[in-house]
Amino acid sequence: MFAKRHPKALLLVLLGIAAPLLAACGASNIEAPFYDTTDVAGFKSYAAPSNIMVMEVHDGQTGIDDASWAKTFSHHGFAPQLSFITPQEAQTRLGSTNATPDHPALRPKHRMVVVVNPTQNTSRDAMCTNPQNAAVTPGQAQTPVRFAFCSGDSVISELRANIETPIDRKKLADLAPTVIHYLFPISQPDRNDDHCSRLSPGC
């Protein structure tokens, strides 16, 4: 939908195909992202007016609790950096009647979705509408993990990381800065020139 309105999004996808691996750490890697809009930063600002966003995790594989996932991926990427909270914490905050800085406005329908070992059909908008995962196969060298920034039922940005099995907190912490960088990119006019690729971490 957004790509039709913003043709530049197609260029980003084509560039992504040309550079299938954006980052690597040991036996883990991150594949090129998909963007359904050229204004991810605008959606981010609307989705998290107080820089707090819900993280919806579909795991069942790693033994890492949802709160630890949220904490690990918080405070990375371009400013203003996001703090992630669990859906349970969001419900608690939304149920509070205190309109104070400790209980900022939340928009839970705009969220980050994580799926560990997703099924083949779990990509693009399915990440936002019906995310499904499967058990890790014994002896599986890498475990795929999909990350998506969802606006309601629509995906805004998405990428896949292939993480060395078994996944642990350290491996997630090592990949978190790069995942957030590409999932929530911004345009920096002083760097958007012919000598700087917009898909490079420093651009």
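The coordinates are above.
Residues numbered from 1 in each chain as written. Predicted model: local features only at pLDDT ≥ 70, side-chain atom pairs only at ≥ 80, totals over all residues. Heavy atoms only, no water.

A. Summary view of the pairing of strand β8 (residues 154–164). Of all 11 residues in β8, eight are buried, a share of seventy percent or more. Relative to β8, strand β2 (residues 28–31) is paired through two bridges, and the arrangement is antiparallel. Directly across from Ile30, in β8, lies its bridge partner Ala161. Where strand β3 (residues 34–35) and β8 come together, two bridges link them in antiparallel fashion. Directly across from Phe34, in β8, lies its bridge partner Glu158. Sheet analysis places strand β7 (residues 142–151) next to β8, joined by 10 bridges and oriented antiparallel. Counted as the bridge partner of Thr143 is Ile163 from β8. Between β7 and the antiparallel strand that follows it, β8, lie two residues; Gly152 among them carries a positive phi value of about 65 degrees. (Buried < 20%, exposed > 50% of the residue type's maximum accessible area, 1.4 Å probe, protein only. Helix = DSSP H or I, 4+ residues; strand = E, 2+ residues; numbered from the N terminus. Pairing = 2+ DSSP bridges.)

B. A look at the side chain of Asn162. Mapped onto the elements, Asn162 comes out in strand β8. Given a relative accessible area of 6%, Asn162 falls into the buried group. Here the side chain of Asn162 touches Arg160 through a polar contact of 3.0 Å, side chain to side chain. Sequence-distant contacts of Asn162, that is, excluding residues within four places in its chain, are made with Ala27, Ser28, Asn29, Glu31, Gln142, Thr143 and Pro144. (Polar contact = N/O pair within 3.5 Å; in protein donor to acceptor, adjacent residues only side chain to side chain. Contact = heavy atoms within 4.5 Å.)

C. Expanded view of the state of the cysteines. For the coordinates displayed, the defined rule picks out one disulfide. For Cys128, the disulfide goes to Cys150, at an S-S distance of 2.1 Å. Because the torsion about its S-S bond is -85 degrees, the bridge between Cys128 and Cys150 counts as left-handed. Separated by 22 residues along the polypeptide, Cys128 in helix α6 (residues 126–129) and Cys150 in strand β7 bring together distant segments of the chain. (Disulfide = S-S within 2.5 Å.)

D. Geometry of helix α7 (residues 169–183). Compared with the 21 Å implied by 1.5 Å per residue over 15 residues, the 20 Å span of α7 between its first and last C-alpha is a close match. Taken together, the buried positions of α7 are Lys171, Leu172, Leu175, Ala176, Val179, Ile180, His181, Tyr182 and Leu183. Taking the backbone nitrogen of Lys170 as reference, a side-chain oxygen 3.2 Å away marks Asp168 as the first, capping residue of α7. (Expected span 1.5 Å × (residues − 1).)

E. The arrangement of the pairing of strand β4 (residues 52–58) in detail. The buried fraction of β4 amounts to six of the seven residues, a majority that puts the element mostly inside the structure. Inspection of the sheet shows β4 paired to strand β5 (residues 83–85) by three bridges, in the parallel sense. Counted as the bridge partner of Ile52 is Ser83 from β5. Handedness of the crossover joining β4 and β5 through helix α4 (residues 66–72) is recorded here as right-handed. (Right-handed = clockwise from strand over helix to strand, strands pointing away.)

F. A look at the environment of Ala148. The topology assignment puts Ala148 in strand β7. When its relative accessible area of 0% is taken as the criterion, Ala148 is described as buried. Spatially, the C-alpha atom of Ala148 lies 9.9 Å from that of Val179, the residues being 31 residues apart in sequence.

G. Just the environment of Gln142, in detail. With respect to the element layout, Gln142 can be found in strand β7. Judged by its relative accessible area of 28%, Gln142 falls in the partly exposed class. Considering only alpha carbons, one finds Gln142 and Ala27, 115 residues apart in sequence, at a separation of 7.8 Å. Among residues more than four places away in sequence, those in contact with Gln142 are Ala27, Ser28, Asn29, Asn162, Ile163, Glu164 and Thr165.

H. Local environment of the pattern of salt bridges. Across all of its chains, the model carries seven salt bridges by this definition. Between Arg160 and Glu31 there is a salt bridge, with the nearest N and O atoms lying 3.5 Å from each other. Here Arg160, found in strand β8, pairs with Glu31, found in strand β2; they are 129 residues apart in sequence, far enough to count as distant. Its salt-bridge partner being Arg111, residue Glu56 comes within 2.9 Å of it at the nearest N-O pair. With a gap of 55 residues between them, Glu56 in strand β4 and Arg111 in strand β6 (residues 110–116) connect regions that are remote in the sequence. Note on Arg111: relative accessible area 9%, which makes it buried. A cluster of three or more residues bridged by salt bridges with shared partners is formed by Arg124, Arg146 and Glu158. (Salt bridge = Lys/Arg side-chain N within 4 Å of Asp/Glu carboxyl O.)

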